[in-house]
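Reading the structure
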Amino acid sequence: DLPIALNCGVFDPYTEPPCLGIAHDGDTWIAVFVNGYASRSLDNGVTWTALPRGLGNYNALWNSVAAKDGTWVVVGSAGYASGSTDNGDTWTALTKGLNCGSATTPFSSVAVSGSGPGAVWVAVSGSSPSAAYAAMSPNNGADWTALPRGLGGTIPMYWRDVAAHSSTFIVCGE
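Because the structure is a prediction, the values reported are computed rather than measured.

Taken in spatial order, the four strands of this open sheet run S9-S10-S11-S12, and their pairing is antiparallel. Of all the strands in the sheet, the pair left with one neighbour each is strand S9 (107-113) and strand S12 (145-146). As judged from the four bridges shared by strand S10 (residues 120-125) and strand S11 (residues 134-137), these two strands associate in the antiparallel manner. Pairing of Ala123 across the sheet is with Ala135, part of S11.

See below:
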């Protein structure tokens, strides 16, 4: 049996926050929850411990997490994003809005492709067509720049998720 909310810091089963994202890198797993909660397993999900609430952004409501080679990025509401380069031991707030064109866009998903210092990260948002932003980091999350609104389509979309394989990113939405 897994512990309530994976020991994210809330222990009341009646107020258990929903898990909105989970990712792994080797035997390390990180799950993110509403209200800035997160937990980590270093033993392939056998045991879980709470991470500092907010992961460097106390007001964040996390929606998605991705990892590659010990580097982690979480994205969430109101443009919040945080990163870790030491397998989740410490976290740093990233530029609010990831330079996408809106500092308060609610990010819905993040994905990574490649490895090492050249890993490419993409984050997308989309609570409405007017909030359909995307950002990319070509250097393992160190710097972020905006991608074209609508990602080459004729109109901005509601971006819901992004996935990566090799050098390809696929974004889906409405």
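Time to look at the confidence of the model for the protein chain. For the protein chain, per-residue confidence averages 80 on the pLDDT scale, and 80% of positions sit at 70 or higher. No element of the protein chain has a lower mean pLDDT than strand S14 (residues 168-173), at 76, and none a higher one than strand S3 (residues 38-41), at 91.

Once that is clear, we can look at the layout of surface pockets. Of the pockets and cavities examined, the largest pocket occupies roughly 150 Å³. Lining of the largest pocket is provided by 13 residues; of these, Thr71, Gly83, Ser84, Thr85 and Leu94 occupy positions nearest its centre. Counting only elements with at least two residues in the lining of the largest pocket, the list comes to strand S6 (71-76) and strand S7 (81-84). Here the lining of the largest pocket gets three residues from one element, more than from any other, and that element is S6. Its residues assigned to classes, the lining of the largest pocket shows four nonpolar, eight polar and one charged.

A few words now on the sheet that holds S6. Strands belonging to one sheet form pairs held by backbone hydrogen bonds; the direction of such a pair is parallel or antiparallel. In space, the four strands of this open sheet follow the order S5-S6-S7-S8, with antiparallel pairing throughout. On the outer flanks of this sheet lie strand S5 (62-68) and strand S8 (92-93), each paired with one strand and no other. Alignment of S6 against S7, held across four bridges, turns out to be antiparallel. Paired with Val73 across the bridge in S7 is Gly83.

Analysis parameters
Residues numbered from 1 in each chain as written. Predicted model: local features only at pLDDT ≥ 70, side-chain atom pairs only at ≥ 80, totals over all residues. Heavy atoms only, no water. Pairing = 2+ DSSP bridges. Helix = DSSP H or I, 4+ residues; strand = E, 2+ residues; numbered from the N terminus. pLDDT = per-residue confidence, 0-100. 1 Å grid on protein atoms, 1.4 Å probe; cavity = no way out; pocket = protein on both sides within 12 Å on 5 of 7 lines; lining within 4 Å. Points joined across faces, edges and corners; volume = space filled by probe spheres on them. Nonpolar A, V, L, I, M, F, W, Y, C, P; charged D, E, K, R; others polar.

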